[in-house]
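Understanding the architecture of this molecule
Below are the chains, spelled out letter by letter.
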2 protein chains.
Amino acid sequence: MSKGKLVVISGFSGAGKGTIVKQLIERYGYSLSVSATTRAPREGEVDGKDYYFKTTDEFLSLVDYNGLIEWTKYVDNYYGTPRKFVEEELSAGKTVILEIEVKGAANIKEQYPDAVLLFLTTKDVDTLRARLRKRGTETDEVIEKRIKRAAEESELMDNYDYIVVNDELEECIDTVHSIIISDSYKTENMAEFIKSIQTDLSDE
Amino acid sequence: MSKGKLVVISGFSGAGKGTIVKQLIERYGYSLSVSATTRAPREGEVDGKDYYFKTTDEFLSLVDYNGLIEWTKYVDNYYGTPRKFVEEELSAGKTVILEIEVKGAANIKEQYPDAVLLFLTTKDVDTLRARLRKRGTETDEVIEKRIKRAAEESELMDNYDYIVVNDELEECIDTVHSIIISDSYKTENMAEFIKSIQTDLSDE
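The notes below deal with the structure included here.

Basis of the calculations
- All residue numbers refer to positions counted from 1 along the written sequence of the respective chain.
- Whichever chain is written first is A, and whichever ligand is written first is 1; the rest continue in order.
- At least 70 in pLDDT is required for a residue's local features to be given in this predicted model, at least 80 for side-chain atom pairs to be given and counted, and no such filter applies to totals for whole chains, interfaces and linings, which use all residues.
- Where side-chain values are given, they derive from all heavy atoms of the structure, hydrogens and water being excluded.
- The secondary structure listing takes helices from DSSP runs of H or I that are at least 4 residues long and strands from runs of E that are at least 2 residues long, numbered from the N terminus.
- Note on classification: 1.4 Å probe, protein chains only; a residue is buried when its accessible area is under 20% of the maximum for its type, exposed when over 50%, partly exposed between these limits.
- Any two residues whose heavy atoms approach within 4.5 Å at even a single point are treated as in contact.
- Pairing between strands requires that DSSP locate at least two bridges from one strand to the other.
- Lines fitted to C-alpha atoms define the axes here, with helix axes fitted over just the stretch in contact, and angles between the N-to-C directions of these axes take values from 0 to 180 degrees.
- For a helix, the expected span equals 1.5 Å multiplied by the number of residues minus one.
- Here the arc refers to the set of directions running from the helix axis out to each C-beta atom.
- When a carboxyl oxygen of Asp or Glu lies within 4 Å of a side-chain nitrogen of Lys or Arg, that pair is called a salt bridge.
- Crossing handedness follows the turn of the near helix against the far one: under a right angle anticlockwise gives a left-handed crossing, and clockwise gives a right-handed one.
- Residue polarity is assigned by list, with Asp, Glu, Lys and Arg as charged and Ala, Val, Leu, Ile, Met, Phe, Trp, Tyr, Cys and Pro as nonpolar; anything else, Gly included, falls into the polar class.
- Only Phe, Tyr and Trp rings take part, Trp by its six-membered ring, and two of them pair if their centres are within 6.5 Å. Stacked means planes under 30 degrees apart, edge-to-face means over 60, and tilted covers everything else.
- When the copies are overlaid, the least-squares fit takes in C-alpha atoms only where the residue has pLDDT of at least 70 in both copies.

Scanning chain A for helices and strands turns up 8 helices and 9 strands. With respect to the principal axes defined by its C-alpha atoms, chain A has extents near 70 × 40 × 30 Å. Here chain A holds 204 residues, and the buried ones make up 49% of them. Summarising the internal contacts of chain A: among those between residues at least 6 apart in sequence, 65% fall at separations of at least 24.

Below you can see the structure in the form of structure tokens.
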């Protein structure tokens, strides 16, 4: 029980990952792992908050020194999860949230079998498209590219422990929080406690 | 998603099962399965609310007609779960709570593999004994008998899906509620949804 919990949140672009993660951090004090990337900062993005922005050389050097617990190349850019922060937070008993894409998530599960993997989705494709349009920042072409990407990602949904439908935001936040809480009480995560109370009871 | 969920709650005598189940029913509208028993009603117990009180003949006739989904003999009395109510509530999409002992719980899991099994415990044996004493209704001898029974039951804790420590009542109710909610979003329980969104996305 003293070690922290790793929570991986993936999901379709447009499913509301960002909003939900932000709310979870604010309301429940979970720690957020900030990814490293070689892509250029977008308007308003802050280094060390949204991403750690790195040159390709810096990024590959991090990889060489085992400084990332997972990394992947997506389109032309590298993305990765810095090891130090995650390990320190877990050691301190914190719940750490990683918002990463499907391949990174699979890598995490291999290294941290106890990690809880959540996949966030809209209730259907029409809703997904409508949300992407509502952002108003992307062309129809980009939107269709994201839908295509979603189709690929959906093939990996079975790798996740939980599938959460973001239909109503508040309900969705509650659900994700419920999933995180309940995970601690799974029998396999209570093995130490069970052993201890069994021993105490048999000594009576 | 249309079929209801069966939630089995077991736990040590003194762990607070009764209070927690009552609160869950009141707050969240879950259905409570009322057991049939051949034991005599205690002061204040109401037929059809606390138990269905049956003669041994009536009880065994229920068994013969497959009217119970599980039954067991404990000390000198029979206890069982009427099938009709549970099946009807599940068909109506309701969440049904069964408060039953460890052997009955194992029987349920065999027949309803999707049932969620929770085991409720105090944080340690001293607390368990203190709570049993606080009731003030039982002799020291009965209390020690219950502790001995708890030792036996603790050997079957691994059969449960979740182990919930009832340390602080409100927190415990929240935890049990979280477990019930989160179960619906387990990937294995979302198979139909996954299939449907995968199909829709691949048709785009």
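Residues and elements named next belong to chain A. Inspection of the secondary structure puts Asn66 in the loop between α2 (56–64) and β5 (68–74). Overall, Asn66 belongs to the partly exposed group, its relative accessible area being 47%. The spacing of Asn66 and Lys84 is 18 residues in sequence and 9.9 Å in space, taken between C-alpha atoms.

What follows is about the sheet that holds strand β7 (residues 95–99) of chain B. Residues and elements named next belong to chain B. In spatial order, the strands read β2-β7-β1-β8-β9; together these 5 strands make up an open sheet with parallel pairing. Unpaired on one side and paired on the other, β2 (31–32) and β9 (162–165) mark the two borders of the sheet. Relative to strand β8 (residues 116–121), strand β1 (residues 5–11) runs parallel, the two being bridged by 5 bridges. Each residue of the ladder has a partner; that of Val7, found in β8, is Val116. Contacting β1, β7, β8 and β9, helix α7 (residues 169–183) runs over the sheet at an angle of about 160 degrees to β9.

Turning next to helix α1 (residues 17–28) of chain B. All names here are of chain B. Under the 1.5 Å per step criterion, the end-to-end length of α1 is 16 Å for 12 residues, consistent within 8% with the ideal 16 Å. Buried within α1 we find Lys17, Ile20, Val21 and Leu24. Within α1, the buried residues cover an arc of 100 degrees as seen down the axis, which keeps them to one side. The exposed set on the far side of α1, more than 90 degrees from its buried face, consists of Lys22 and Glu26. Looking at the packing, one finds that the buried side of α1 touches β1, β2, β7, β8 and α7. Note on α1: the residue one or two positions beyond its end, Gly29, has a positive phi of about 70 degrees.

This part is about the pattern of salt bridges. All names here are of chain A. This structure, assessed with the given rule, holds 24 salt bridges over all chains. The closest approach of N and O atoms between Arg39 and Glu45, which form a salt bridge, is 2.9 Å. For Arg39, a relative accessible area of 9% puts it in the buried group. The structure contains a network of salt bridges with shared partners spanning Lys5, Asp183 and Lys186.

So, on to the pairing of strand β6 (residues 77–82) of chain B. Successive residues of a regular strand alternate their side chains across the two faces of the sheet. Residues and elements named next belong to chain B. Across the 6 residues of β6, 5 count as buried, placing the element largely inside the fold. The pairing of strand β3 (residues 36–37) with β6 spans 2 bridges and is classified as antiparallel. Counterpart to Ala36 in the pairing with β6 is Gly80. The sheet contact formed by strand β5 (residues 68–74) and β6 spans 6 bridges and is antiparallel. Looking at the pairing, Lys73 lines up with Tyr78 of β6. Where β5 folds back on β6, the antiparallel hairpin that results is connected by 2 residues, among which Val75 adopts a positive phi of roughly 50 degrees.

Residues and elements named next belong to chain B. Mapped onto the elements of the fold, Ser10 is located in strand β1. Owing to a relative accessible area of 1%, Ser10 belongs among the buried residues under this scheme. The residues contacting Ser10, other than those within four sequence positions of it, are Lys17, Ile100, Glu101, Val102, Ala105, Leu118, Phe119, Leu120 and Tyr160.

Residue and element names in this part refer to chain B. At their nearest, the axes of helix α5 (residues 125–135) and helix α6 (residues 140–154) sit 10 Å apart, and the two run at 140 degrees to each other. Handedness of the crossing formed by α5 with α6: right-handed. Together, Val125, Leu128, Arg129, Leu132 and Arg133 of α5 and Asp140, Ile143, Glu144, Arg146, Ile147 and Ala150 of α6 make up the contact between the two elements. Classifying every residue of the contact of α5 with α6 gives 6 nonpolar, no polar and 5 charged.

Residues and elements named next belong to chain B. All told, the structure shown has 17 aromatic pairs over all chains when counted by the stated rule. For the pair Phe59 and Tyr78, a centre-to-centre distance of 5.2 Å together with 20 degrees between the ring planes defines the contact as stacked. Of this pair, Phe59 sits in helix α2 (residues 56–64) while Tyr78 sits in strand β6, placing them 19 residues apart in sequence.

Moving on, we come to the relation of the copies chain B and chain A. Mapping chain B onto chain A leaves a residual RMSD of 0.0 Å; the transformation is a rotation of 180 degrees accompanied by 0.0 Å of translation along its axis. This pairing of chains is accounted for by a two-fold axis. Distance from the rotation axis, computed per C-alpha, reaches its smallest value in chain B at Ser178 of chain B: 2.2 Å. Of the residues that chain B buries at the interface, 97% are likewise interface residues in chain A, meaning the two copies contact each other through the same surface.

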